[in-house]
Amino acid sequence: MTTALRRPLIAGNWKMNLDLRAARNLLRALRENLSDVAAEVAVCPPFTLLAAAAEELKGAPIRVGAQDLFWEKTGAYTGEVSAEQLVDIGCSVVLIGHSERRRCFGETDDTVARKLKSALRAGLMPVVCVGETLEEREGQKTYRVLQTQLKGALSGLAPAEAGKIVVAYEPVWAIGTGKTATPTQAQDAHLFIRKTLATVLGSEASMAVRILYGGSVKPDNADALMAQPDIDGALVGGESLKPVSFLRIIHFQAPAEAG
Ligand code: 13P
């Protein structure tokens, strides 16, 4: 598991799911059953539910995050939402470059870098998502893809800002498929990500960055994933919509301290 340097972070990505009523019910169930949790917790509802989520979670130890943002502050950008607008309604987290946005909406490493800078400018905690497709993994390109995505996302970022970012490793082949990376596969990718971060940001800064695993995280695999030394949390999709499951993942069982 993560070191004392990095508090575990469990975040739920609701994607394009739930209406207002269902969202309120889920958030109340989470809020009422969160006991003495070691991890930092966040939920990322769709834009339409963010203000209600922020209101519902006022005073609760659960952060509200958006699933995307646009890099300009204001202006004629129909359909877009800025980092400043997110902060205004009570968001403190934002996902950036999720593979579904890369695949369905043409996001590139360049747009991810711009979005990352705007999130930091506004004081949001950005969660930058990276991950390879099945074809890339089978073609032995996983490391190359991760390196390109990370270096592209972080270009121009000052090491001093590095501690404020979170990286999520989400192998595309594990998202919504029920196929989870094994703890060893995930740890291997996380270690590679940390080494890449060290080359870009310096080794001290890289040790402070939390790296989350995402892709079919469930109550029955969360403990084993969280036991890995470079897995500092989880980005949970489908199971974050089910209060009992998400609460079990949030209250993951930390491995006994060695020695
Ligand atoms: P699932 O947990 O549904 O596989 O989704 C993972 C994900 O994409 C989280 O961002």
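Values in this document were obtained by computation on a predicted structure and should not be read as measured data.

A. Representation of the site of the ligand. Taken together, Asn13, Lys15, His98, Glu170, Ala174, Ile175, Gly176, Gly215, Ser216, Leu235, Gly237 and Gly238 form the complete shell of residues around the ligand. Separating an oxygen atom of the ligand from a side-chain N or O atom of lysine 15 is a distance of 2.8 Å. Between an oxygen atom of the ligand and a main-chain N or O atom of glycine 237, the distance comes to 2.9 Å. The residue makeup of the shell around the ligand, split by class, is 3 nonpolar, 7 polar and 2 charged.

B. Just helix 5 (residues 109-122), in detail. With 14 residues, helix 5 ought to run about 20 Å at 1.5 Å a step, and its terminal C-alpha atoms sit 20 Å apart, in line with that. Of all the residues in helix 5, the buried ones are Asp109, Thr111, Val112, Ala113, Lys115, Leu116, Ser118, Ala119 and Leu120. Buried residues in helix 5 make contact with helix 3 (83-88), strand 4 (93-96), helix 4 (99-105), strand 5 (125-130), helix 7 (142-154) and helix 8 (159-162).

C. A look at helix 1 (residues 20-33). Helix length check: helix 1 (14 residues) gives 20 Å between terminal C-alpha atoms against 20 Å at 1.5 Å per residue, within 8%. Tucked inside the fold, the buried residues of helix 1 contact strand 2 (40-44), helix 2 (47-56), strand 3 (62-66) and helix 12 (243-250).

D. Highlighting the nonpolar core. Residues Ile10, Val167, Ile193, Leu197 and Tyr213 are the most contacted members of the largest nonpolar core, which totals 67 residues. The element best represented in this core is helix 9 (residues 183-201), accounting for 6 residues. Among residues more than four places away in sequence, those in contact with leucine 197 are Leu150, Leu154, Val167, Gly202, Ser206, Val209 and Ile211. Counting residues in each nonpolar core, the second largest holds 13 residues, with Ala11, Ala42, Met125 and Val127 among its members.

What counts, and at which threshold
Residues numbered from 1 in each chain as written. Predicted model: local features only at pLDDT ≥ 70, side-chain atom pairs only at ≥ 80, totals over all residues. Heavy atoms only, no water. Near = heavy atom within 4 Å. Polar contact = N/O pair within 3.5 Å; in protein donor to acceptor, adjacent residues only side chain to side chain. Nonpolar A, V, L, I, M, F, W, Y, C, P; charged D, E, K, R; others polar. Helix = DSSP H or I, 4+ residues; strand = E, 2+ residues; numbered from the N terminus. Expected span 1.5 Å × (residues − 1). Buried < 20%, exposed > 50% of the residue type's maximum accessible area, 1.4 Å probe, protein only. Contact = heavy atoms within 4.5 Å. Core = buried A, V, L, I, M, F, W, Y, C linked by side-chain atoms within 4.5 Å.

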